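# Notes for the structure review
One letter stands for each residue in the lines below.
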Amino acid sequence: MKYEVKIIRLICVIAIGAFIWSRPIPDGLEPKAWHLFAIFLSTILGIIIKAMPMGSMCIAGLSIGLLTQTLKIKGEALTGFSNSTIWLIVTAFFIAQGFVKTGLGSRIAYYFVYLLGRRTLGLAYGLAISDLILAPATPSNTARGGGIIFPIMKSLSLSYDSKPNDPTNRKIGHYLTLSCFQVCMVTSAMFITSMAANPLIQQFAADNGVKITWGGWALAAIVPGIVSLIIVPLAIYFVYPPTIKETPGAQEIAKMKLEEMGRMSKQEWIMIATFIFLITFWILGSTLKINATTTAFGGLSILLITGVLNWDDIKSEKGAWDTLIWFGVLVMMADYLNKFGFVPWFSKYVAMEVSALTWTLAFPILAGIYFYSHYFFASATAHVTAMAAVFIGVGVQVGVPPYLMAITLGFFSNLFGSLTHYGSGPAPVFFGSGYVELSDWWKMGFFISIINILIWMIIGGAWWKLLGLF
């Protein structure tokens, strides 16, 4: 039945794509632009409804573009794979392996649990700080949240006899699950390299003449991000308070785990040194004229030369190679939709609908629609690819400062993952634990979305104004 459902979905995708292709071409558009839009839209639809895995769907879309001669094999169809931003995120996937392989990621998490874990709220903050430290070099928030933070969180919950799918879940498991997940969405927004789709925003911004560097993104996010990291666990604590408030045993568990790990290994020290190297040159890259991707390759080379990672580790990192494929294809399609004239044409059309509004009114409306439309998406990447370029274009058309429009959508492209149990990579991992009922998940998702929007638009907006971003 599952195979039959996928076939039906795929037929629907093809039918919709063919229908759009066959429609009369709107005035002001070249045939290539309209046909590429049909291919692009059907590819995104296939990703949303999971007709095929994301990589497979993108390869199919690429093939149709080539077979119909909408795209040329030379100089067009494969240009996405030479995009430096894509290789930045792919290389960061490889580097993130080092945190897992050396055990440094778990050591960091247990260390902050040991420092702050005397109370349940402190436990949440300890795990939040761990997530924040790992975020800059971990583009897979699923791996970071689901692979490092979640197992520690679940282990601590079970140690207090807080079981999933059981009334005891309210002891601490329910609270920690919600807190760790919502924190992961915030840390994902704070760095270009902390979520795989963030560089798409960087690319779309560049298409509108806006240059967002690694350091520029991090600087813009640091104030609202830290405020969110302080307020979000506290807000959840007041709405769904754990019945166990004091957790001195968590410190003992963390201490025992750290003792089991023993002294830091040579590989862990190399990983720390490499991490410092990466952060330093990512921040200073624009000043030193060193590309962020060059820095990433340098960090990866250090790990390979020193033996922290080996080539088998690189070959086995499926997430990186998967990202390279779908990222390369989607970036290329989005780029040529812009070059063929579709995005400017559509942006002007939509802008006409809001042309009577001042940019100060149009901006929050556009941002709000972009944020809450995520209820209809099961993938942040699909959402960003489908809507971000157009919304940036529309915002610019109605007079929103380009940098403000782009950076806001960049942050929202992570924060909107908080809404549902399917809207981001880590969501199914945390929700699947069984600690939180669906109704609680959705209610808290909406509540935290309001808090985050207020923090990032008001406190963040004041910070961006102070930085001179608009």
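Scoring rules and cut-offs
Residues numbered from 1 in each chain as written. Predicted model: local features only at pLDDT ≥ 70, side-chain atom pairs only at ≥ 80, totals over all residues. Heavy atoms only, no water. Helix = DSSP H or I, 4+ residues; strand = E, 2+ residues; numbered from the N terminus. Phe/Tyr/Trp six-rings, centres within 6.5 Å; stacked < 30°, edge-to-face > 60°. Buried < 20%, exposed > 50% of the residue type's maximum accessible area, 1.4 Å probe, protein only. Expected span 1.5 Å × (residues − 1). Bend = angle between axes of the 7 residues up to and from the residue. Core = buried A, V, L, I, M, F, W, Y, C linked by side-chain atoms within 4.5 Å. Contact = heavy atoms within 4.5 Å.

## Some words on the environment of Ser424
Along the chain, Ser424 turns up in the loop between helix 20 (402-415) and helix 21 (426-431). Sequence separation between Ser424 and Ala380 is 44 residues, and the spatial gap between their C-alpha atoms is 6.0 Å.

## Details of the packing of aromatic side chains
Across all of its chains, the model carries 29 aromatic pairs by this definition. Here the aromatic rings of Phe150 and Phe430 are separated by 5.5 Å at their centres, their planes lie at 85 degrees, and the arrangement is edge-to-face. Pair noted here: Phe150 is in helix 8 (residues 141-159) and Phe430 is in helix 21, with a separation of 280 residues, a long-range link. Overall, Phe150 belongs to the buried group, its relative accessible area being 12%. Residue classification places Phe430 among the buried positions, given a relative accessible area of 0%. Seen from their ring centres, Tyr370 and Phe391 are 5.8 Å apart, and the 50 degrees between their planes marks the pair as tilted. On the criterion of sequence distance, the pair formed by Tyr370 in helix 18 (residues 359-372) and Phe391 in helix 19 (residues 380-397) is long-range, its members being 21 residues apart. Among the residues examined, Tyr370 registers a relative accessible area of 0% and is labelled buried. Each member of the aromatic cluster is reached from another via a ring pair, and the members are Tyr370, Phe371, Tyr372, Tyr375, Phe391, Phe412, Phe416, Trp442 and Phe446.

## Regarding helix 22 (residues 438-467)
Under the 1.5 Å per step criterion, the end-to-end length of helix 22 is 40 Å for 30 residues, consistent within 8% with the ideal 44 Å. The largest bend in helix 22 is about 35 degrees, located at Gly460. Gly468, located one to two residues past helix 22, shows a positive phi value of around 80 degrees.

## What to know about the nonpolar core
In terms of nonpolar packing, the biggest core is built from 160 residues, with Phe204, Ile212, Trp217, Tyr370, Val384, Phe411 and Trp456 touching the most fellow members. Element by element, the count of residues in this core is highest for helix 16 (residues 318-339), at 12 residues. The contact partners of Trp217, leaving out residues within four places of it in the chain, are Ala189, Met190, Phe191, Ile192, Asn198, Ile201, Ile212, Tyr403, Ile407, Gly410, Phe411 and Asn414.

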